Amino acid sequence: MRKQNIFAILAAVIWGTAFVAQKVGAESVPPLTFNAIRSLMAVVVLAIISFIMLKMERKKGTYEPVNHKKLILGGFLCGLFLTLATAFQQASLSEESAGKAGFVTALYIVIVPILGLFLKKKVPIVVWLGVLLAVCGLYFLCVTDGFVFAKSDIYLIMCALMFAIQIMFVDYFVSFVNGVLLSLVQFITMTILSSGAALIFEEVSFVAIKEAAFPLLYLGIFSSGIAYTLQILAQKDSNPAVVSLLMSLESVFSVIASALLLHSWLNTRETFGCLLMLVAVILAQIPPSFFKRKTKNSAQ
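Only a predicted model underlies this, so the values are computations on that prediction, with no experimental measurement involved. Residue numbers run consecutively from 1 along every chain, following the written order of its sequence. Totals for whole chains, interfaces and linings use all residues, but because this is a predicted model, local features are given only for residues with pLDDT of at least 70 and pairs of side-chain atoms are given and counted only at 80 or more. To obtain the side-chain values, all non-hydrogen atoms of the structure were used and water was disregarded.

Caption draft 1: The arrangement of the overall build of the chain in detail. Put simply, DSSP marks the helices as runs of H or I at least four residues long and the strands as runs of E at least two long, and each gets a number from the N terminus on. A count of helical and extended segments in the chain gives 14 helices and two strands. Contacts are assigned to residue pairs with any non-hydrogen atoms lying within 4.5 Å of each other. Residue pairs at least 24 apart in sequence account for 91% of intrachain contacts in the chain once pairs closer than 6 positions are excluded. A 1.4 Å probe and the Shrake-Rupley method give the accessible areas. Residues count as covered only by the protein chains that appear here. Summing over all exposed atoms, the chain offers an accessible surface of approximately 14,900 Å²; the carbon and sulfur share of this is 72%.

Caption draft 2: Structural detail: the packing of helix H2 (residues 31-60) against helix H8 (residues 179-201). Running from amino to carboxyl end, H2 crosses H8 at an angle of 155°, the nearest separation of the two axes being 8 Å. As summarised for this structure, H2 and H8 are arranged roughly antiparallel, according to the angle between their axes. Relative to H8, the crossing made by H2 is left-handed. Each residue gets one label: Ala, Val, Leu, Ile, Met, Phe, Trp, Tyr, Cys and Pro are nonpolar, Asp, Glu, Lys and Arg are charged, and the others, such as Gly, are polar. Looking at the contact of H2 with H8, its residues break down into 19 nonpolar, eight polar and no charged. In this analysis an axis means a line fitted to C-alpha atoms, helices contributing only their contacting stretch, and an angle means the value between N-to-C directions, from 0 to 180 degrees. We call two directions roughly parallel when the angle between them is under 35 degrees, roughly antiparallel when it is over 145, roughly perpendicular when it lies between 65 and 115, and oblique otherwise. Note on convention: the crossing is left-handed when the near helix lies turned anticlockwise from the far helix by less than a right angle, right-handed when the turn is clockwise.

Caption draft 3: Representation of the environment of Leu266. Topologically, Leu266 is positioned in the loop between helix H12 (250-262) and helix H13 (268-284). Between the C-alpha atoms of Leu266 and Ser97, which are 169 residues apart in sequence, the distance is 8.4 Å.

Caption draft 4: Layout of the side chain of Arg38. Examined against the element boundaries, Arg38 turns out to sit in helix H2. Buried residues are those whose accessible area, probed at 1.4 Å on protein chains only, stays under 20% of the maximum for their type, while exposed residues exceed 50% and partly exposed ones sit between those limits. A positive count includes Lys and Arg, and a negative count includes Asp and Glu. His and the chain ends are not counted in either. Any carboxyl oxygen of Asp or Glu within 4 Å of a side-chain nitrogen of Lys or Arg constitutes a salt bridge here. Buried within the structure, Arg38 lacks any salt-bridge partner; Glu250 is the closest side chain of opposite charge, at an N-O distance of 9.3 Å. Ignoring any residue separated from it by four or fewer positions in sequence, one finds Arg38 in contact with Gln22, Thr86, Leu216, Leu219, Gly220, Ser223, Ser224 and Tyr228.

Caption draft 5: Seen up close, a nonpolar patch on the surface. Where nonpolar side chains cluster on the molecular surface, the patch consists of Val24, Ile256, Leu260, Leu261 and Leu262 and spans about 440 Å² of accessible area. It is H12 that contributes the most residues to the nonpolar patch, four residues altogether. Of note, Val24 is situated in helix H1 (residues 3-26). Think of a patch as exposed residues, more than 30% relative accessible area, with no salt bridge, where like charges cluster within 9 Å and nonpolar side chains (Val, Leu, Ile, Met, Phe, Trp, Tyr) cluster within 5 Å.

Caption draft 6: Spatial organisation of the packing of aromatic side chains. Working definition: a ring pair exists when centres of Phe, Tyr or Trp rings (six-membered ring for Trp) sit within 6.5 Å. Plane angles under 30 degrees give stacked, over 60 give edge-to-face, the rest tilted. Per the stated rule, a full pass over the model turns up nine aromatic pairs. The interplanar angle of 85° and the centroid separation of 4.8 Å between the aromatic rings of Tyr172 and Phe173 together place this pair among those described as edge-to-face. Overall, Tyr172 belongs to the partly exposed group, its relative accessible area being 42%. Looking at Phe173, the relative accessible area reads 3%, which means it is buried. Of the aromatic side chains, those joined through ring pairs into one cluster are Phe81, Phe169, Tyr172, Phe173 and Phe176. For the cation-ring pair, Arg58 lies above Tyr63, with the distance from its terminal atom to the ring centre recorded as 4.4 Å. The ring of Phe176 carries the charged tip of Lys70 above its face, separated from the ring centre by 4.3 Å. To sit over a ring, a charge needs its Lys NZ or Arg CZ within 6 Å of the ring centre and within 35 degrees of the ring normal.

Rendered as structure tokens:
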């Protein structure tokens, strides 16, 4: 197995279990404050990793000059949309289960190719089928009697959209700059934006922060500092379809972790919605060449 695929699977495991930590943290700490602290922890972790990495590269003679313009621009754009995505996600978890949040968030895998239309990229029919299934899955997951979406459901859909945009920016900028440094600037941006917004819109309670110390440590070190760096490294020089599919498994791990750790089980309707979304996610990642190859083999 390629190392990029291993990175993607590890990121999916960490993100999936992180939904439980986010759910626990959401019970005591407001979303913007929560994200400001976790991103600050990520900055500390990534700063240490970056220092060691650059020192080793200079020692081995493999150091390459940093494209500061691309690094700052890329880190800012990735950090901006990551800030928005995590803010919507964390706000939703005060009302939603960790498992459900994980599956709706995975909708970004379907949104990415749709956004590609604006970049004049063709979208295969199988992707549109995935979109249709995802919409059906969202209906069973989120829509109550009378076709009413809860506010938390709208937050999760916005979260998926913001993550999709962040992924597209990562795909572009990771070709120009070091992945670890890109992740560092991304979280510096998130720390500044989340902290500023928290000071304006929320009241900071140090007692509440102390109560959520363990979830914050897990999210800051593993989910933010390590997993998002793994995402960037996984997307570099790899097949984006395969990597995206592997990362989308976070939705499966979120349901498993939520059930085992929080004893939060989905009802039959929500489980069916989750299955539809999982199929949609898988369909969205199948390259058109797969079907062409099947047709060619059948003709022979």
